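# Structure at a glance
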Amino acid sequence: MTRVSSRWRWSVTLAWLGCASAAAQQIRLDVVALSGEPAVGAAPGAHFSGLTSVWNHAVMAPRIDTRGNVTFVAFVAGAPGTYSDRVGLWQWSSVAHTLRLIALTGDPAPETAEDVTFAGFPDTVLPVPPEVADGNVLFQATLNGPGVSAQNDAGLWLFDGSATTRVARNGDGAPGYPSGVKLASVGGQVADDGTVLVRATLCGPNIFSWNDEALGRTSQDRTISWWLRESDPVPGDPELLIGNLTQHGTLSIGDATISANGRLAIRANVVGVGVSRHNDEVVIAEEGLGPASMIAREGDPIPTLPDVHFGGTAAALLIRDLQINEFGMVAFTCQVGDADTSTVGGLSSCPGPLEPFAIGAPFTLPSALERFTTIECTKLNPVGRVAVAARTAADDAVFPPMSGLWVAAAGTLTPKVLPHDPISGAPLHLTFHAVNQIVGFSGNGWIAMTATVAADSSLSTALIVVSPTGETHVIARVGDWLPIRSDDRRQVLRIIPGGTSASGDVAFRADFVDGASGHFVARIATTALGDLNCDGVVSVGDINAFVLALTDPTSYQVLHSDCDRLAADTNADGRVTVTDINGFLQLLSN
C-alpha cells in the first residue's frame, strides 16, 4: 500500500464576513474524498461508490486523529471483472494531503493462515469506521477462507502508519487464563501511544455468564494484560464484586474509554451484600497518578453536596459521556438527586477531586450561573476543561427546545454561546438556537459542534466551530451551497461530524442533494498570512520557516507545532508550493 500523488485532492479557501465585523474570517476546506472519484490504491477503474449508505448515515463518519490524519470506510465498485461492491479503509495524511489504502475486502488478513482474507469491516452491509489516535488505526474485521468458522471469523487489527498487525481474534486463547479459555468476541479503542483497550467476552472451561466479560490493554509486545473482569473485586472495595461491565451485559464503546497515554475508565455494575438496584453502578478510573479506584458509586453523596447523591430516585445511574484524559482527569454526566428528586449532573475531577460542575434544578451550585433543567453532551479536553450543552426552564419553553454551550474550568462555569446569540462567521443573519452534538474540544480551546441555527423563523442544522474567545464560525449548513472546488458548488443535504484534531481541525461528511457525498477537513486560519514562525509579524525571521514549510512539511510542524503551515499559502489555492514564493516576498516587502 504505497502513497500516491495528490491528484484527487482539492482545497478551497472560504472567506465569510462576520455579522459583527468587516474583517473576513478564513475557513480552509480540504477535500479528503468524494463519491464517484477513483478509489486510490485499488485496481484501475475502481471508484468510491459510496461514503455512506441508507442504513447507517449517522455511523459512517470520517475519523480524525490528534495529528489531523483522517481515516474512513467506503464502498468501492468498478474495475470490471474485479470489483463488485467491495469495502475498504483509507487514511488521508494531514501533512502530505494524500490518500492511501489500508485494507480492502478480499485482501489477505495479516497474521492469519494462507488464503484467509478480509470479508468486511466488520461487514459489507453496515461497515463501521475505525478507531483512530495519532496515526494509529484500529479496526474490526470479519474473515473468509480456509479454516474460518463462526468461532474465529472476526478480530481486531492495528495499522500503525506503516504496517497492519493482528491485535486479537475470536478463537484465540485468552492470555493469562487456563488452557481452553478463548476469546469469544473482541472490540476496542486505541490510544495515541498505540496502547489498545481490548473489550472481550470469554468462553471455555469455568466461564459462565457472570464472569465472561473482561477489559484489558496491550503492552508494547502486543500481548494483552487484563485490567478488570466480571467477578473481580472492585478496586478500593473488596466487599464488592464486578457484576456486569456494562448496563445490559454487552460491551459497548460508551462504557469504557482510554486516554491518549493509555489510562482507563469504565462504568460497571457491582454485586455483593447490601447491593440493590439503587446502588449497583460504579465508575472506576485510573485517576490522577494512582492505580485504578472506584471514584463514584450510585447512592453515595455527591462531593461538596452531601444532601445530593448519585442516582437520586432513578433506578439507573445513567452514566453518559465518560471520558479520561492523559492527566487522569475524568468527566461524565449522570443522574443525581435526593430522596424525592432526580435530575442530571455533570461531574469532573479537573483539576482536583471529583466534584460537580453543573447540576439541574431544583439543585443549584454556588458557582452556577443558571438553574439548568438538562445537562448533556459533555466533552473533556486534554488540559482539563469541560464543554457542556445545557438548558434552562426558559429554553425548555420553546419548541424545539433551545440550549447553550458552556465551559467549566477550575471550578468556574462560563457561557460560550447562548440561544439567540448571533453567529459571527456566517454569510446570513443567523442566530444560535441549540447544541445538537459537541464534536470536539481541542486543547487550544476550540470547540466544534453541530447546532440548530435560526434564520428569521426557519431552523436548520449547521456545523460550527467556536473560538477560545467565543466567536462562532459556520463550516457548513444544511441547505447551503458548499464550494468544494473552484468550479464546483453543491447543496448540502446532511452533515455528519467525525471529530477534531489536537489543533481544532474538524472532519465531517457532507451528503449533497444530488446524491453524492464527500469527506472534508475544515480549519479556521488562526495564523496571519506569511507569519510562519508565529511571532505576530511578517519579517525576515519568517524566511527559514517558510522554506521549511515549503520543502519539509513534517519538520515544519514539529518545530512550529502551534503554527498553521497554510500561512505560507499566499496564493490561496489550498497548497504550499513554489507558486507561493512571489506572494511571500511581497508580504516581506510591505
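Preceding this paragraph is the structure being described.
No experiment lies behind these values; they were computed from the predicted model shown.

Next up on the list: the overall build of the protein chain. The helix and strand inventory of the protein chain stands at four helices and 40 strands. Here the protein chain has a C-alpha radius of gyration of 25 Å; the compact-globule value for 590 residues is 25 Å, and the two agree. Relative to its 590 residues, the protein chain shows a buried fraction of 55%. Considering only contacts within the protein chain whose residues lie at least 6 apart along the sequence, 48% involve residues at least 24 apart.

Turning to the sheet that holds strand β13 (residues 182-190), a few remarks are in order. Strands sit in the order β13-β14-β15-β16 across an open sheet of four strands; the sheet is antiparallel. The sheet is open, and its two edges are formed by β13 and β16 (224-229), each paired on a single side. Pairwise comparison of adjacent strand axes, ignoring direction, gives a mean angle of 30° for this sheet. Of the pairings in the sheet, the one linking β13 to strand β14 (residues 196-203) comprises eight bridges and is antiparallel in character. By the bridge assignment, L183 is partnered in β14 with L202.

With respect to topology, four strands assemble into an open sheet ordered β29-β30-β31-β32, the strand pairing being antiparallel. Each edge of the sheet is formed by a strand with only one pairing partner; in this case those strands are β29 (372-380) and β32 (412-417). Averaged over all pairs of adjacent strands, the angle between strand axes in this sheet comes to 30°, irrespective of strand direction. In the sheet, β29 pairs with strand β30 (residues 386-392) via six bridges, with the strands oriented antiparallel. The residue bridging T374 from the neighbouring strand is R391, located in β30.

Right, let's get into helix α2 (residues 543-551). Looking at α2, one finds that the buried residues are A545, F546 and A549. What you see down the axis of α2 is that its buried residues fit within an arc of 100°, all on one side. α2 presents N544 and T551 as exposed residues on the side facing more than 90 degrees away from its buried surface.

With that settled, the discussion passes to the nonpolar core. Side chains of nonpolar character tend, in soluble globular proteins, to be buried together. I475, L482, F508, F512 and F520 are the most contacted members of the largest nonpolar core, which has 23 residues in total. When contributions to this core are tallied by element, the ones reaching two or more residues are β2 (24-34), β35 (458-466), β36 (472-477), β37 (481-485), β38 (488-500), β39 (506-512) and β40 (517-524). Core analysis: the second largest hydrophobic core is formed by 22 residues, A285, F332, C334 and L365 among them.

Inspection of the entire model under this criterion finds twelve salt bridges. The partner of D488 in a salt bridge is R490, with the nearest N and O atoms 3.1 Å apart. D488 gets classed as buried once you look at its relative accessible area, which sits at 13%. A residue is classified by how much of its surface remains accessible, and R490, at 16% relative accessible area, is buried. As a salt-bridge pair, D511 and R509 come within 2.7 Å of each other at their nearest N and O atoms.

At a minimum axis distance of 12 Å, the contact between α2 and helix α4 (residues 581-589) shows a crossing angle of 165°. When the interaxial angle is binned, α2 and α4 end up roughly antiparallel. For the element pair α2 and α4, the recorded crossing hand is right-handed. Contacts from I543, F546 and L550 in α2 reach I581, F584 and L588 in α4. For the contact of α2 with α4, the class distribution of residues is six nonpolar, no polar and no charged.

Cut-offs and rules
Residues numbered from 1 in each chain as written. Predicted model: local features only at pLDDT ≥ 70, side-chain atom pairs only at ≥ 80, totals over all residues. Heavy atoms only, no water. Helix = DSSP H or I, 4+ residues; strand = E, 2+ residues; numbered from the N terminus. Rg over C-alpha atoms; globule rule 2.2 N^0.38 Å. Buried < 20%, exposed > 50% of the residue type's maximum accessible area, 1.4 Å probe, protein only. Contact = heavy atoms within 4.5 Å. Pairing = 2+ DSSP bridges. Axes fitted to C-alpha atoms, helices over the stretch in contact; angles between N-to-C directions. Arc of directions from axis to C-beta. Core = buried A, V, L, I, M, F, W, Y, C linked by side-chain atoms within 4.5 Å. Salt bridge = Lys/Arg side-chain N within 4 Å of Asp/Glu carboxyl O. Parallel < 35°, antiparallel > 145°, perpendicular 65-115°, else oblique. Left-handed = near helix turned anticlockwise from the far one by under 90°. Nonpolar A, V, L, I, M, F, W, Y, C, P; charged D, E, K, R; others polar.

By themselves, these observations are geometric and do not establish any function.
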